[in-house]
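Residues per chain are reported as follows:
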Amino acid sequence: MPMRVVAPTLIVALMVTTGLGGCATRAKTTSTDQAAAAAAAPQANKARTGLFSGRSAKGTGEAGIGVNAFLWRATLDTLNFLPLLDSDPFGGTYVTDWHAVAEKPDERFKVQVYILDTRLRADGLSVQVFRQAKDVTGAWVDATVDPDTAIQIENAILTRARQLRIAQLETR
């Protein structure tokens, strides 16, 4: 039987309607639902592994994050002011959409972050910054970016990742 190719828009629509897109609204819970959840909480907390739980999913048959969770969370926290275009916590990619600030409407930029390792290390992170400026015709043209900008973003992400790691150690 030949394979069918599904249009990307259909896949996105399916993800949104089924709640897999991350944008679904949460249903209201009743007091009965909350009581049942509270009774099951001790058992759920013992077995909980996940993207940011700090516990490994190895040997449990569950899929875990393929990159360092602290670097991933720090990236989300550091770049939360930029519009998100694409992210993949399992592959470690985070791509923002173009963003212009009100002070400089003729200039816009975007950021790509790649988390390259499962360990919390400075060389496990790669940041690329792209900048465009409007030319005389009003078209967006690629412009140079100060190389120090990417380094500053990397340092901000690494600093936040260290803070998250320290906070986790203090709660143990």
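Residues numbered from 1 in each chain as written. Predicted model: local features only at pLDDT ≥ 70, side-chain atom pairs only at ≥ 80, totals over all residues. Heavy atoms only, no water.

## What about helix H4 (residues 147-171)?
In an α-helix there are 3.6 residues to a turn, and that puts residues three or four apart on one side. Taking 1.5 Å of rise per residue, 25 residues should cover 36 Å, and H4 covers 37 Å from first to last C-alpha, within 8% of that figure. Within H4, burial applies to Ala-150, Ile-153, Glu-154, Ile-157, Leu-158, Ala-161, Leu-164 and Gln-168. (Helix = DSSP H or I, 4+ residues; strand = E, 2+ residues; numbered from the N terminus. Expected span 1.5 Å × (residues − 1). Buried < 20%, exposed > 50% of the residue type's maximum accessible area, 1.4 Å probe, protein only.)

## A short note on the packing of helix H3 (residues 69-78) against H4
Running from N to C, H3 and H4 point in directions that differ by 120°, and their axes come no closer than 8 Å. As judged from the angle between their axes, H3 and H4 are oblique. The handedness of the crossing between H3 and H4 comes out as right-handed. For the pair formed by H3 and H4, the contact residues are Phe-70, Leu-71, Arg-73, Ala-74, Thr-75, Asp-77 and Thr-78 on the first element and Ala-156, Ile-157, Leu-158, Arg-160, Ala-161, Leu-164, Arg-165 and Gln-168 on the second. (Axes fitted to C-alpha atoms, helices over the stretch in contact; angles between N-to-C directions. Parallel < 35°, antiparallel > 145°, perpendicular 65-115°, else oblique. Left-handed = near helix turned anticlockwise from the far one by under 90°. Contact = heavy atoms within 4.5 Å.)

## Notes on the nonpolar core
Membership of the largest hydrophobic core comes to 20 residues, with the highest contact counts inside it found for Val-111, Val-113, Val-127 and Ile-157. Elements with a minimum of two residues in this core: H3, strand E3 (107-115), strand E4 (125-134) and H4. Tallying contributions element by element places H4 first for this core, with six residues. Each residue touching Val-113, except ones within four places of it in the same chain, is listed here: Thr-75, Leu-79, Gly-92, Thr-93, Tyr-94, Leu-125, Ser-126, Val-127 and Ile-157. (Core = buried A, V, L, I, M, F, W, Y, C linked by side-chain atoms within 4.5 Å.)

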